[in-house]
Every structure is written in C-alpha cells, then in structure tokens.
Amino acid sequence: QVQLVESGGGLVQAGGSLRVSCTASGRTFSRSTMAWFRQAPEKEREFVAHITWNIANTDYADSVKGRFTISRNNAVNTVYLQMNSLKPEDTAVYYCAADRFGRISRDRGTYDYWGQGTQVTVSP
C-alpha cells in the first residue's frame, strides 16, 4: 500500500512559478511510477506528467511541456512538480498518483493510489 499527501498549492499570478510536492509512505514507493494529474471544475481529470522509479523516463502533456518539470527524491519518498510560466488555464486541483507496477502510462486507470489533491490557482 501507498499513502500520498500533496502540498505546496496556492495562488500565483500568470507568468509566475510554483512547486507542488507529494510525499509517499509505503514499501513500494521506490519502485513505483509517480504521476501528476489535474482537474479543473466541470472538466475531466487530465494527465500532466509522470516519472519512473529510476528517473529513466519522464513524460509531459503537450500543454505543460517546456514549462513544468517533474522530479523525485527516493531518499525522502517525495515527488515534485515545478511549474513555471503559469497560465490561468493551469488553474486546477493537482493530484499525485502512484503505480506500484512501475508502468509507463498517461491513463488514470493505471494508477493504484491517489493523494487528496492541492489547489493551484493562477490569476490573470
């Protein structure tokens, strides 16, 4: 089992930066693929980025590529999402997710565990 807790959300002006974090507990964390998804009001939850356990593979949605960076520090069981050049359309609840099987996927259904979400709001 994996338990995920996000932090670092908040309010930022367009063009600004924010870093959200996700700290995990559980034996399987070090071998899991970690991902960030986001969900805006009245929209479906969408893929943002993922990173494999050995940091050999990262992937980003086209909408955030070049602006967001996913990273992880297995020593402290934490995955990060650094968000730069933020736009109002980035406003959403950001969710951390884990796949204990270490698969490479953008599909919500791949991920076994989810955090509670952290709100990111970008003002014009």
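Described below are features of the structure shown in this document. (Residues numbered from 1 in each chain as written. Predicted model: local features only at pLDDT ≥ 70, side-chain atom pairs only at ≥ 80, totals over all residues. Heavy atoms only, no water.)

**Examining the pairing of strand S1 (residues 3–7)**
Phase 1 of the analysis: Residue alternation in S1 divides its side chains into a buried set, Leu-4 and Glu-6, and an unburied set, Gln-3, Val-5 and Ser-7.
Phase 2 of the analysis: By the bridge criterion, 5 bridges tie S1 to strand S3 (residues 18–25) in an arrangement that is antiparallel. If you follow Gln-3 over to S3, its bridge partner there is Ser-25. (Buried < 20%, exposed > 50% of the residue type's maximum accessible area, 1.4 Å probe, protein only. Helix = DSSP H or I, 4+ residues; strand = E, 2+ residues; numbered from the N terminus. Pairing = 2+ DSSP bridges.)

**A short note on the packing of aromatic side chains**
Phase 1 of the analysis: Using the criterion set out here, one finds 4 aromatic pairs in the structure.
Phase 2 of the analysis: A ring pair is formed by Phe-37 and Tyr-111, whose centres lie 5.5 Å apart and whose planes are at 70°; its orientation type is edge-to-face. Of the two residues, Phe-37 is situated in strand S4 (residues 33–39) and Tyr-111 in the loop between strand S9 (92–99) and strand S10 (113–114); the sequence distance between them amounts to 74 residues. Both residues of the pair, Phe-37 and Tyr-111, belong to the buried class.
Phase 3 of the analysis: Seen in terms of ring centroids, Tyr-111 and Trp-114 are 6.5 Å apart; in terms of plane orientation they differ by 75°. Their pairing is edge-to-face. (Phe/Tyr/Trp six-rings, centres within 6.5 Å; stacked < 30°, edge-to-face > 60°.)

**Concerning the state of the cysteines**
By definition, a disulfide links the sulfur atoms of two cysteine residues through a covalent bond.
Phase 1 of the analysis: Within the structure shown, the criterion is met by 1 disulfide.
Phase 2 of the analysis: The disulfide partner of Cys-22 is Cys-96, and the gap between their sulfur atoms is 2.1 Å. An S-S torsion of about -75° defines the bridge between Cys-22 and Cys-96 as left-handed. Here Cys-22 is found in strand S3, whereas its partner Cys-96 is found in strand S9, with 74 residues between them in sequence. Here Cys-22 and Cys-96 have matching classes, each one buried. (Disulfide = S-S within 2.5 Å.)

**Brief notes about the sheet that holds strand S8 (residues 78–83)**
Phase 1 of the analysis: Judged by pairing direction, the sheet is antiparallel, and its 4 strands sit side by side in the order S1-S3-S8-S7 without closing on themselves. Looking at which strands have only one partner, the edges of the open sheet turn out to be S1 and strand S7 (68–73). Between one strand axis and the next, the sheet turns by 15° as a mean value, whatever way the strands run. (Axes fitted to C-alpha atoms, helices over the stretch in contact; angles between N-to-C directions.)

**Brief notes about the environment of Tyr-95**
Phase 1 of the analysis: With respect to the helices and strands, Tyr-95 occurs in strand S9.
Phase 2 of the analysis: Residue class for Tyr-95 comes out buried when judged on its relative accessible area of 13%.
Phase 3 of the analysis: Expressed as a C-alpha distance, the spacing of Tyr-95 and Trp-36, which sit 59 residues apart in the sequence, is 5.6 Å.
Phase 4 of the analysis: Contacts of Tyr-95, omitting those with residues within four sequence positions, involve Glu-6, Ala-35, Trp-36, Phe-37, Gln-39, Arg-45, Trp-114, Gly-115, Gln-116 and Gly-117. (Contact = heavy atoms within 4.5 Å.)

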